[in-house]
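# Descriptive structure summary
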Amino acid sequence: MRGSAIPVLTVVAVIVAIWYAAVIPVNSQWVLDQAGRAGVEVTTGELVRETLSQDRPRLPAPHQVVAELWNATVVEEWTGPQGLMNTGTLSPRSLFWHAWVTLSATLVGFGIGTGLGILLAVGIVHNRAMDLSVMPWAIASQTIPILAIAPMIIVVLNAVGVTGLIPKAVISAYLSFFPVVVGMVTGLRSPDAMQLDLMKTYNASRPEVFAKLRWPSSMPYLFASLKVGIAAALIGAIVGELPTGAVAGLGARLLSGSYYGQTIQIWSALFAAAIVAATMVAIVGMIQRYTLRRMGMEQ
Amino acid sequence: MSESTVIEARDLGLTFETNDGPIHALKDVTLTIGKGEFVSFIGPSGCGKTTFLRVVADLEQPTAGKITVNGMTPAEARRARAYGYVFQAPGLYPWRTIARNVTLPLEIMGYSRAEKARRAANVLELVELEGFENKFPWQLSGGMQQRASIARALAFDADILLMDEPFGALDEIVRDRLNEQLLALWKRTEKTIGFVTHSIPEAVYLSTKIVVMSPRPGRITDVIDSPLPAERPLDIRDSKAFIDVAHRVREGLREGLADAV
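This next bit is on the overall build of chain B. Each helix and strand in chain B was counted, giving 9 helices and 9 strands. What you see for chain B is a C-alpha radius of gyration of 18 Å, in line with the 18 Å of a compact globule of 261 residues. Out of the 261 residues in chain B, the part that is buried amounts to 45%. Across chain B, every contact between residues at least 6 apart in sequence was considered, and the portion connecting residues at least 24 apart equals 69%.

Below is the structure:
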């Protein structure tokens with residue numbers, strides 16, 4: 001991390017600058033219309049100020065999004081009547097609460113998806129019939145738009161009485177098992193012919209080859225897949241909240257924002273989702289570094 | 001078959017069927033290796049020297065002829081863990097320390113914890129790697145890694161050691177040192193060693209028997225019983241006897257190539 005702070009901050013500054021530059025033309029039409037109706041002229045200074053402080057801008061300015069993130073999290077929990085300080089539980093109006101609703105489904109789905117992905121990969125590597133039959137289905141499953149299949153999963157599970165977190169977790173698992181399957185099949189097959197021959201000279205059984213060679217060899221691949229998988233799981237959980245008219249979760253927040261034209265709310269929910277995803281990927285990265293270092297594979 | 005025969009091949013053949021027609025990797029190979037011999041296989045690429053070693057190890061299946069290892073088929077010998085195999089590359093597991101790489105075969109064969117520790121210490125001393133038990137492979141030089149892989153092959157104390165160009169990737173100075181160590185190790189352990197090499201001096205220096213092979217089809221052109229004494233300092237390579245053997249090997253290689261073209 002040392003020495004990389006300046007380039008990273010530079011890139012962030014450039015993105016923010018481009019964003020601000022885009023806000024003015026995108027939002028200016030509304031300001032000009034208002035001024036035209038009122039029959040007044042607007043100066044450039046006024047135009048800029050107006051475009052950066054609208055209640056329902058087409059494109060919110062960065063500081064508006066940051067302020068909304070702050071108000072919908074810390075301020076809401078600290079001072080809100082339903083906030084953590086007053087009630088001892090998270091406020092249903094705060095992004096913390098919505099993020100947790102989405103995150104819990106994400107983690108359950110990610111767990112299911114990872115487990116399923118590893119099991120399928122083990123089967124594919126060890127069984128020729130599975131090798132030929134499973135992968136095409138796994139690939140086909142990912143070619144179906146998740147937006148098309150998510151409502152069906154929710155409706156079907158609803159019909160059998162499964163509601164709440166589980167249907168969302170199933171959609172998360174549906175998206176996150178695939179990178180794990182692909183990565184683990186590659187990882188479990190990564191030992192070369194020589195290493196497999198070596199095991200053969202010891203007359204090692206297939207479970208031994210798996211435990212002592214294939215599984216440890218696949219660890220770097222597993223972690224790369226988990227990073228992709230956990231981000232996909234979050235997308236799955238958010239998409240799972242969209243078609244149901246859900247009242248909780250980051251997806252519900254996005255949806256209600258778009259119903260009521262609350263663009264700032266939409267953008268803050270998007271950023272909250274991005275922050276959650278980045279945090280989870282960072283946690284997986286930390287576990288990866290710790291594990292590989294303990295295994296002696298990272299120098 | 002005499003009491004001391006370890007490996008016996010008779011009219012051994014191995015043909016790979018490829019899209020460009022059959023490739024005769026081995027043809028009519030007849031060879032007897034006795035207990036405690038150090039046998040080198042030398043020849044150009046494609047002469048079948050590695051293939052022969054792999055047939056002995058049951059890593060390839062012959063398509064003609066007969067071969068026995070310790071009086072058994074190669075598959076039975078492999079299941080009986082009759083040999084240790086050293087590959088061209090060390091192939092140490094990067095996630096295991098040197099000691100745990102060496103005990104890998106012992107884990108699979110179900111040795112006790114104390115026995116694993118004892119044997120690891122023993123073979124690491126044989127290859128002069130004491131003190132490196134807890135290092136990871138990447139912390140060792142290429143020569144040290146290859147020594148660790150030899151220790152791994154020795155760990156379960158099989159009578160036969162099969163080595164497929166183990167020093168091929170190392171520079172000549174390291175190679176000389178390892179050759180000296182290997183001879184000392186062979187003398188101490190009295191193993192039967194099959195050793196594949198590209199290098200004439202290496203073959204002559206190490207072996208009690210040199211098998212000269214040639215390609216297309218892979219076959220034996222000459223078998224030389226070395227007249228060199230058992231005691232072999234490195235400077236034996238300047239002696240008349242050594243140079244004579246090396247000359248005969250070179251002649252054998254040249255004839256084999258002349259036939260093939």
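Picking up where we left off.
Residues and elements named next belong to chain B. Assigned domains of chain B: these are domain 1 (5-82 + 160-260) and domain 2 (91-157). One C-alpha centre belongs to domain 1, the other to domain 2; they are set 25 Å apart. At 4 residues, helix α7 (residues 172-189) tops the list of elements feeding residues into the side of domain 1 that touches domain 2.

It is worth spelling out helix α12 (residues 263-294) of chain A at this point. Residues and elements named next belong to chain A. Here α12 contains 32 residues, and its C-alpha end-to-end distance of 46 Å stays within 8% of the 46 Å for a straight helix at 1.5 Å per residue. For α12, every residue scored as buried is listed here: Thr263, Ile264, Gln265, Ile266, Trp267, Ser268, Ala269, Ala272, Ala273, Val276, Met280 and Val284. Contacts made by the buried residues of α12 are with α3 (62-79), α5 (95-126), α10 (206-241) and α11 (250-259). In the segment just after α12, Gly296 is the residue with positive phi, at about 80°.

Residues and elements named next belong to chain B. Within the open sheet, the 3 strands sit side by side as β2-β1-β4. Their pairing is antiparallel. At either end of the open sheet lies a strand with only one pairing partner, and these are β2 (21-34) and β4 (64-69). Averaged over all neighbouring strand pairs, the angle between strand axes comes to 20°, with direction disregarded. Bridge analysis of strand β1 (residues 5-18) against β2 gives 10 bridges, and the strand direction is antiparallel. Bridge pairing in β2 places Thr18 opposite Gly21.

In this section: the nonpolar core. Counting 77 residues, the largest nonpolar core has Val56, Tyr83, Ala151 and Leu162 of chain B as its most contacted members. Top contributing element to this core by residue count: helix α6 (residues 142-154) of chain B, with 6 residues. Excluding residues that lie within four positions of it along the chain, Ala151 of chain B makes contacts with Val102, Val123, Leu124, Leu126, Val127 and Leu129 of chain B. If you look at the next biggest cluster of nonpolar residues, it comprises 50 residues, including Ala231, Ile238, Leu250 and Leu254 of chain A.

Quick look at the sheet that holds strand β8 (residues 209-214) of chain B now. All names here are of chain B. The strand order across the open sheet formed by 6 strands is β5-β6-β7-β3-β8-β9, and the pairing between neighbours is mixed. The sheet terminates laterally at β5 (83-86) and β9 (219-225), the two strands that pair on one side only. Adjacent strand axes in the sheet meet at a mean angle of 15°, parallel and antiparallel pairs treated alike. Sheet analysis places β8 next to β9, joined by 6 bridges and oriented antiparallel. Across the sheet, residue Ser214 finds its bridge partner in β9, namely Arg219. Each of β3 (38-42), β6 (160-164), β7 (192-197) and β8 is contacted by helix α1 (residues 49-56), which is oriented at about 150° to β7, the strand it contacts most.

The next subject is the interface of chain A and chain B. Frequently, the measure chosen for interface size is the accessible area that the parts lose on association. Tallying the contact residues gives 16 residues for chain A and 19 residues for chain B. Breaking the side of chain A that touches chain B down by element, the ones donating at least two residues are α9 (193-201) and α10 of chain A. With 6 residues, α9 of chain A is the largest single contributor of residues to the side of chain A that touches chain B. Among the residues forming the side of chain A that touches chain B, the class breakdown is 7 nonpolar, 5 polar and 4 charged.

Turning next to the packing of helix α1 (residues 5-38) of chain A against helix α2 (residues 44-51) of chain A. All names here are of chain A. For the pair α1 and α2, the least separation of the axes is 8 Å and the interaxial angle reads 100°. Between α1 and α2, the interaxial angle falls into the category roughly perpendicular. Each of Val23, Ile24, Asn27, Ser28 and Val31 in α1 lies in contact with α2, whose residues at this interface are Leu47, Val48, Glu50 and Thr51. Of the residues in the contact of α1 with α2, the class split is 5 nonpolar, 3 polar and 1 charged.

The domain architecture assigned to chain A consists of domain 1 (1-58) and domain 2 (95-294). Taken over C-alpha atoms, the centre of domain 1 of chain A sits 37 Å from the centre of domain 2 of chain A.

As a further point, take the environment of Val69 of chain B. All names here are of chain B. Within the secondary structure layout, Val69 lies in strand β4. The class of Val69 is buried, set by 28 C-beta atoms lying within 10 Å. Counting along the chain gives 163 residues from Val69 to Arg232, while the straight-line C-alpha distance between them is 29 Å. Beyond its immediate stretch of four places on either side in the chain, Val69 contacts Ile7, Val56, Pro74, Ala77 and Ala82.

Bringing α11 of chain A into the picture now. Buried within α11 of chain A are the following residues: Leu250, Gly251, Ala252, Arg253, Leu254 and Leu255 of chain A. A positive phi of about 65° marks Gly261 of chain A, the residue just after α11 of chain A.

Time to look at the confidence of the model for chain B. Per-residue confidence for chain B averages 89 on the pLDDT scale, and 98% of its residues sit at or above 70. The ipTM for the predicted assembly is 0.88, set against a pTM of 0.84.

This next bit is on the environment of Gly123 of chain A. Residue and element names in this part refer to chain A. Mapped onto the secondary structure, Gly123 falls in helix α5. Residues Gly123 and Gly88 lie 35 residues apart in sequence; the distance between their C-alpha atoms is 47 Å. Other than its neighbours up to four places away in sequence, Gly123 contacts Met130 and Val134.

About the thresholds
Residues numbered from 1 in each chain as written. Chains lettered and ligands numbered in written order. Predicted model: local features only at pLDDT ≥ 70, side-chain atom pairs only at ≥ 80, totals over all residues. Helix = DSSP H or I, 4+ residues; strand = E, 2+ residues; numbered from the N terminus. Rg over C-alpha atoms; globule rule 2.2 N^0.38 Å. Buried ≥ 20, exposed ≤ 12 C-beta atoms within 10 Å, placed from the backbone. Contact = placed C-beta atoms within 7 Å. Domains from an automatic or database assignment. Expected span 1.5 Å × (residues − 1). Pairing = 2+ DSSP bridges. Axes fitted to C-alpha atoms, helices over the stretch in contact; angles between N-to-C directions. Core = buried A, V, L, I, M, F, W, Y, C linked by C-beta atoms within 7 Å. Nonpolar A, V, L, I, M, F, W, Y, C, P; charged D, E, K, R; others polar. Parallel < 35°, antiparallel > 145°, perpendicular 65-115°, else oblique. pLDDT = per-residue confidence, 0-100.

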